[in-house]
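Working through the structure, step by step
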Amino acid sequence: MRFDVVTLFPEMFTGPLDSSILGRARQSGLIEVALHDLRDYTEDRHRTADDTPYGGGAGMVLKADPVFRLADALFPGWGPKAGAGVKGKVPGARCIYLSAQGRPLDQSIVSRLAGEPRLLLLAGHYEGIDERVLDALVDEEISIGDYVLTGGELPAMVLIDAVARLVPGVLGQPASPLEESFSEGLLEYPHYTRPAETRGHRVPDVLLSGDHEAVRRWRRRESLRRTLERRPELLLAADLSREDHETLRELAAGGGGPGEEEKDES
Ligand SMILES: C[S@@+](CC[C@H](N)C(=O)[O-])C[C@H]1O[C@@H](n2cnc3c(N)ncnc32)[C@H](O)[C@@H]1O
């Protein structure tokens, strides 16, 4: 899968994209990330990519023409279909503007985007990008949360990270993304590793029992408990069995505190 990122600050991506799982995925060619410096597509001596807003007001706005020139270079022939009155889309890629005004990113959007062969990500800065770019080029706007950041670079990295780990082969264990938080509409159960006891804190006995069915039931229960306690609204859309509903009724009635049976023993 390929990501093309349009940014004024390509140097910000060094580090996050070079390390750990993403670094390995890039090295092995499972994902490709091309960083495009918007200033390379300016035409004046000072490489000016922003200008003051029409109508006045504070802040600067990223100019449309450098972005359009970049699109010309990457996707020759892109543009609105003449007379069709539809937004111009780039061929072979989905164009996303990272924006505080976009749809909040969640795991279902991440899964959908992981099915695309190529994403063109526009990182805004200052007050944002000239609206004509959004009209002509952008397929969707995505926000990483209801707060305002200084630029779209961190949101672009968040999106790349979340999408890339769903690309087959990027994670070592193929089962991992299926079990984790949000994949079934629930938060994930807690994790423990060796030693079985540290500073008086014991791992829940069931996890040491070797009884796979008991472990499965415990994990499901903890997953339901966490979701009920922390994000109860997720339960409305979650895929729940009759057993899950019974467990939730018990939990709501106060049945078993967090890891009660196991933790109270220590
Ligand atoms: C200072 S912000 C511009 C905010 C804009 N004037 C507004 O009120 O929506 C600069 C850039 O950061 C990015 N950005 C800021 N907050 C974001 C968020 N929550 N999610 C995604 N991108 C964000 C966008 O690319 C935006 O163009």
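Residues numbered from 1 in each chain as written. Predicted model: local features only at pLDDT ≥ 70, side-chain atom pairs only at ≥ 80, totals over all residues. Heavy atoms only, no water.

Our focus in this paragraph is the domain arrangement of the protein chain. Buried accessible area, meaning the area lost when the parts come together, often serves as the stated size of an interface. Looking at the assigned domains, one finds that the protein chain contains domain 1 (2-164) and domain 2 (180-263). Taking the mean C-alpha position of each, domain 1 and domain 2 sit 39 Å from one another. (Domains from an automatic or database assignment.)

Right, let's talk about the nonpolar core for a bit. Core analysis: the largest hydrophobic core is formed by 26 residues, its most contacted members being Phe3, Ile31, Leu113, Leu119, Leu121 and Leu159. Among the elements of the structure, strand S1 (2-7), helix H1 (20-27), strand S5 (94-104), helix H3 (107-114), strand S6 (118-123) and helix H5 (153-164) are those that each provide at least two residues to this core. Examining the composition of this core, we find that seven residues originate from one element, H5, more than from any other. (Core = buried A, V, L, I, M, F, W, Y, C linked by side-chain atoms within 4.5 Å. Buried < 20%, exposed > 50% of the residue type's maximum accessible area, 1.4 Å probe, protein only. Helix = DSSP H or I, 4+ residues; strand = E, 2+ residues; numbered from the N terminus.)

Taken as a whole and assessed by the stated rule, the structure comprises 18 salt bridges. As a salt-bridge pair, Arg132 and Asp130 come within 2.6 Å of each other at their nearest N and O atoms. A residue is classified by how much of its surface remains accessible, and Asp130, at 16% relative accessible area, is buried. Note that Arg216 and Glu213 form a salt bridge whose closest N and O atoms lie 2.9 Å from each other. With a gap of three residues between them, Arg216 and Glu213 both fall in helix H7 (residues 212-230), about one helical turn apart. The class of Arg216 is partly exposed, set by a relative accessible area of 40%. Counted as one network, the salt bridges with shared partners bring together Arg2, Asp4, Glu32 and Arg118. (Salt bridge = Lys/Arg side-chain N within 4 Å of Asp/Glu carboxyl O.)

Moving on, we come to the site of the ligand. Tyr97, Leu98, Gln101, Gly124 and Tyr147 are the nearest of the 21 residues found near the ligand. Contact between the ligand and Tyr97: an oxygen atom at 2.6 Å from a side-chain N or O atom of the residue. One of the backbone N or O atoms of Leu149 is found 3.0 Å from a nitrogen atom in the ligand. Among the elements of the structure, S5 and strand S7 (140-143) are those that each provide at least two residues to the shell around the ligand. Considering only residue class, the shell around the ligand consists of 10 nonpolar, 10 polar and one charged. (Near = heavy atom within 4 Å. Polar contact = N/O pair within 3.5 Å; in protein donor to acceptor, adjacent residues only side chain to side chain. Nonpolar A, V, L, I, M, F, W, Y, C, P; charged D, E, K, R; others polar.)

With that settled, consider H5. Its 12 residues place the ends of H5 16 Å apart at the C-alpha level, agreeing with the 16 Å of an ideal helix rising 1.5 Å per residue. Among the residues of H5, Glu153, Pro155, Ala156, Met157, Leu159, Ile160, Ala162, Val163 and Ala164 are the ones counted as buried. (Expected span 1.5 Å × (residues − 1).)

As a further point, take unusual backbone geometry. Here the residue pair Arg194 and Pro195 is connected by a cis peptide bond, since its omega of 5° sits within 30 degrees of zero. Mapped onto the elements of the fold, Pro195 is located in the loop between helix H6 (176-179) and strand S8 (197-198). Phi at Ser20 takes a positive value of approximately 50°, unusual for a residue other than glycine. Take Ser20: it is sitting in helix H1. Residue classification places Ser20 among the exposed residues on the basis of a relative accessible area of 52%. A positive phi angle, near 55°, is found at Tyr126, a position not held by glycine. Tracing the backbone shows Tyr126 in the loop between S6 and helix H4 (131-137).

Running from amino to carboxyl end, H3 crosses H5 at an angle of 70°, the nearest separation of the two axes being 9 Å. Taken together, the axis directions place H3 and H5 in an arrangement best described as roughly perpendicular. Residue-level contacts link Val110, Leu113 and Ala114 of H3 to Leu159, Ala162 and Val163 of H5. For the contact of H3 with H5, the per-class residue count stands at six nonpolar, no polar and no charged. (Axes fitted to C-alpha atoms, helices over the stretch in contact; angles between N-to-C directions. Parallel < 35°, antiparallel > 145°, perpendicular 65-115°, else oblique. Contact = heavy atoms within 4.5 Å.)

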